[in-house]
Amino acid sequence: DPQEIELAAASKRKLRRFIVIDEVVDKLYGSKVRAYFRENNVQHKILSLPTTEETKSMELVLNILQEVQSFSLDRRTEPIIAIGGGVCLDIAGLAASLYRRRTPYIRVPTTLLSYVDASVGAKNGVNFLQCKNKLGGYTPPVASFLDRSFIQSIPRRHISNGLGEILKMALMKHKGLFDLLKNHGKYLLDTKFQSCNDFAYHGDAALQTTRIAIETMLEELAPNLWEDDLDRLVDFGHLISPELEMKVLPSLMHGEAVNVDMAFMTYVAHARGLLGAREKEQILQCMQGLELPVWHSGCSWALIQRALRERLKHGGGQTRMPLPTGLGVADIFNDTSEETLERAYELWVQD
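- Naming follows an unreviewed UniProt entry, where the protein chain appears as ARO1 protein of Sylvia atricapilla.

The structure is reproduced here in structure tokens:
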């Protein structure tokens, strides 16, 4: 805002920013971040932290808050900036929401998963008692700054991991997005979502894919930001995966665990007669083309039962199970029998 810049320039008080950055991102981009603030004459404190699912705890949030208190920022005019993957954004967002009841914060996602998922919406949180995101709140950022150039430095597996969440939105809401992933998935992995000059066949698949994924996510989240309505298509892939992900840490990343869940639910949809055999195969082939796991030995029948019992507890006594009813269309079901689930599980394991 030009007016804000003018006021800041006229003020005798120096601009100040507190930045939480993932330690891996700091090694890659920290010097550029520091140079940016120095060149703009901004007094800054950069806190570099190991932000992984294993460290995603209240203890790390309190560490951030101690540093924020020492820095003594003004919660009205000095937003906390979080630069990193989804875990970093979640932890810093929770810290900001707690400091003086609510301090503004800005998200700068650096992985594909955080770019299309954690950057969108209001939620933040940490793991607690071996349960994923058990503590948290709903405090949206004042802004999310999206820059795909960060994605070029992350490993191929991390890009595949992010594709799991994009595929979720494709299967639930957008056949065109599914077709983009099916036709250009390998290209997106190979080019690491950078906009290349290969327009003859691929067009700007990276821009189209990320834009549609974010737009469809916003369509779902914006009218129900505080989750007052528990019937949510964005919960597809998130019924069993929280239990699975925490049980097998660190062998499955978040998007991979989500995809294992989605693969099983694809079989459930098939067992219910919602998907034909050809559609089921198309979905599984697309998953494999995106280099995502379609099964994991840790996803036992006992774990599925336990996860669905938890779902009943938090779903007001209903499973509220999102299932694909075609490619890019879906609905929410509360009447899937245990017999259908078990039949789907047996076929899944057999395949």
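There's plenty left to go through after this.
## With respect to the overall build of the protein chain
Step number 1: Secondary structure assignment for the protein chain yields 13 helices and nine strands.
Step number 2: Relative to the 2.2 N^0.38 estimate, which gives 20 Å for 351 residues, the radius of gyration of the protein chain is 21 Å and therefore close to what a compact globule would have.
Step number 3: The principal-axis extent of the C-alpha atoms belonging to the protein chain is close to 70 × 50 × 35 Å.
Step number 4: Going through the 351 residues of the protein chain one by one, you find that 54% of them count as buried.
Step number 5: In the structure as shown, the protein chain presents an accessible area of about 16300 Å², 51% of it carried by carbon and sulfur atoms.
Step number 6: Counting 41 positive and 44 negative side-chain charges, the protein chain places the averaged centre of each group 6 Å from the other.

## Quick look at the sheet that holds strand β7 (residues 143–144)
Within a beta sheet, neighbouring strands are joined by backbone hydrogen bonds and run either parallel or antiparallel to one another.
Step number 1: Strands sit in the order β2-β1-β3-β4-β7 across an open sheet of five strands; the sheet is parallel. Strands with a single pairing partner mark the edges of an open sheet, and in this sheet they are β2 (43–49) and β7.
Step number 2: In this sheet, β7 lies alongside strand β4 (residues 105–109) in parallel orientation, the contact comprising two bridges. Directly across from Ile106, in β7, lies its bridge partner Ala143.
Step number 3: Where helix α3 (residues 58–71) meets the sheet, its contacts fall on β1 (16–22), β2 and β3 (80–84), and the angle it forms with β2 comes to roughly 165°.

## Thoughts on the nonpolar core
Step number 1: Judged by nonpolar contacts, the single largest core of 70 residues is most densely connected at Leu167 and Phe264.
Step number 2: Per element, the largest residue contribution to this core is 10 residues, and it comes from helix α10 (residues 254–271).
Step number 3: There are two domains that each give this core at least three residues, and those are domain 1 (2–152) and domain 2 (156–350).
Step number 4: When near neighbours in sequence (up to four residues on either side) are disregarded, Leu167 contacts Phe178, Leu181, Asn259, Met262, Cys286, Met287 and Leu290.
Step number 5: Among the nonpolar cores identified, the runner-up in size contains 25 residues, and Leu60, Leu89, Ala95 and Ala118 belong to it.

## Observations regarding the side chain of Asp90
Step number 1: Within the secondary structure, Asp90 is located in helix α4 (residues 86–98).
Step number 2: Residue classification places Asp90 among the buried positions, given a relative accessible area of 13%.
Step number 3: Of note is the side chain of Asp90, whose polar atom sits 2.8 Å from the side chain of Lys56.
Step number 4: When neighbours within four sequence positions are excluded, Asp90 is seen to be in contact with Lys56, Lys123, Asn124, Gly125 and Asn133.

## Here's the deal with the domain arrangement of the protein chain
Step number 1: Looking at the assigned domains, one finds that the protein chain contains domain 1 (2–152) and domain 2 (156–350).
Step number 2: On the side of domain 2, 31 residues touch domain 1, which itself brings 23 residues to the contact.
Step number 3: Between the two partners, domain 1 and domain 2, sit two salt bridges.
Step number 4: In this structure, the salt-bridge partner of Lys123 is Glu227, at a minimum N-O distance of 2.8 Å.
Step number 5: On inspection of domain 1 and its partner domain 2, the count reaches six residue pairs in polar contact (both at pLDDT 80 or more).
Step number 6: Within the residue set of the side of domain 1 that touches domain 2, elements represented by two or more residues are α5 (112–118), β5 (123–128) and β6 (131–138).

## A short note on the packing of aromatic side chains
Step number 1: For the structure on display, the rule yields eight aromatic pairs.
Step number 2: For the ring pair Tyr36 and Phe37, a centre distance of 5.3 Å and an interplane angle of 80° mean the geometry is edge-to-face.
Step number 3: Judged by its relative accessible area of 49%, Tyr36 is partly exposed.
Step number 4: Look at Phe37 and you get buried, because its relative accessible area is 8%.
Step number 5: Plain terms: the ring middles of Tyr345 and Trp348 are 5.9 Å apart, the flat faces sit at 65° to each other, and that makes the pair edge-to-face. Note that Tyr345 and Trp348 are positioned in helix α13 (residues 338–350) at a spacing of three residues, about one turn of the helix.
Step number 6: Taking relative accessible area as the criterion, Tyr345 reaches 15% and is therefore assigned buried.
Step number 7: Through successive ring pairs, a cluster of aromatic residues spans Phe264, Trp301, Tyr345 and Trp348.

## Re α10
Step number 1: The end-to-end C-alpha distance of α10, which contains 18 residues, comes to 26 Å, matching closely the 26 Å that a straight helix rising 1.5 Å per residue would cover.
Step number 2: Counted residue by residue, α10 has 16 buried out of 18 residues, so it is predominantly covered.
Step number 3: Downstream of α10 by a residue or two, Gly273 has a phi angle that is positive, lying close to 85°.

## What to know about the pattern of salt bridges
Step number 1: Tallied over the full model, the rule gives 26 salt bridges.
Step number 2: Between Lys173 and Glu219 there is a salt bridge, and its shortest N-O distance comes to 3.4 Å. On the criterion of sequence distance, the pair formed by Lys173 in helix α6 (residues 156–173) and Glu219 in helix α8 (residues 205–221) is long-range, its members being 46 residues apart.
Step number 3: For Glu219, a relative accessible area of 48% translates into the label partly exposed.
Step number 4: Notably, a salt bridge pairs Lys182 with Asp179, separated by 4.0 Å at the nearest N-O pair. Of this pair, Lys182 and Asp179 both sit in helix α7 (residues 175–191), separated by three residues, roughly a single helical turn.
Step number 5: According to the relative accessible area criterion, Asp179 is partly exposed, its value standing at 22%.
Step number 6: Each of the salt bridges in this network shares a partner with another, and the network as a whole consists of Lys123, Glu227, Arg232, Asp235 and Arg311.

Rules behind the numbers
Residues numbered from 1 in each chain as written. Predicted model: local features only at pLDDT ≥ 70, side-chain atom pairs only at ≥ 80, totals over all residues. Heavy atoms only, no water. Helix = DSSP H or I, 4+ residues; strand = E, 2+ residues; numbered from the N terminus. Rg over C-alpha atoms; globule rule 2.2 N^0.38 Å. Buried < 20%, exposed > 50% of the residue type's maximum accessible area, 1.4 Å probe, protein only. Areas by Shrake-Rupley, 256 points an atom, 1.4 Å probe, with all protein chains shown as cover. Lys, Arg positive; Asp, Glu negative; His and termini not counted. Charge placed at Lys NZ, Arg CZ, Asp CG, Glu CD. Pairing = 2+ DSSP bridges. Contact = heavy atoms within 4.5 Å. Axes fitted to C-alpha atoms, helices over the stretch in contact; angles between N-to-C directions. Core = buried A, V, L, I, M, F, W, Y, C linked by side-chain atoms within 4.5 Å. Domains from an automatic or database assignment. Polar contact = N/O pair within 3.5 Å; in protein donor to acceptor, adjacent residues only side chain to side chain. Salt bridge = Lys/Arg side-chain N within 4 Å of Asp/Glu carboxyl O. Phe/Tyr/Trp six-rings, centres within 6.5 Å; stacked < 30°, edge-to-face > 60°. Expected span 1.5 Å × (residues − 1).

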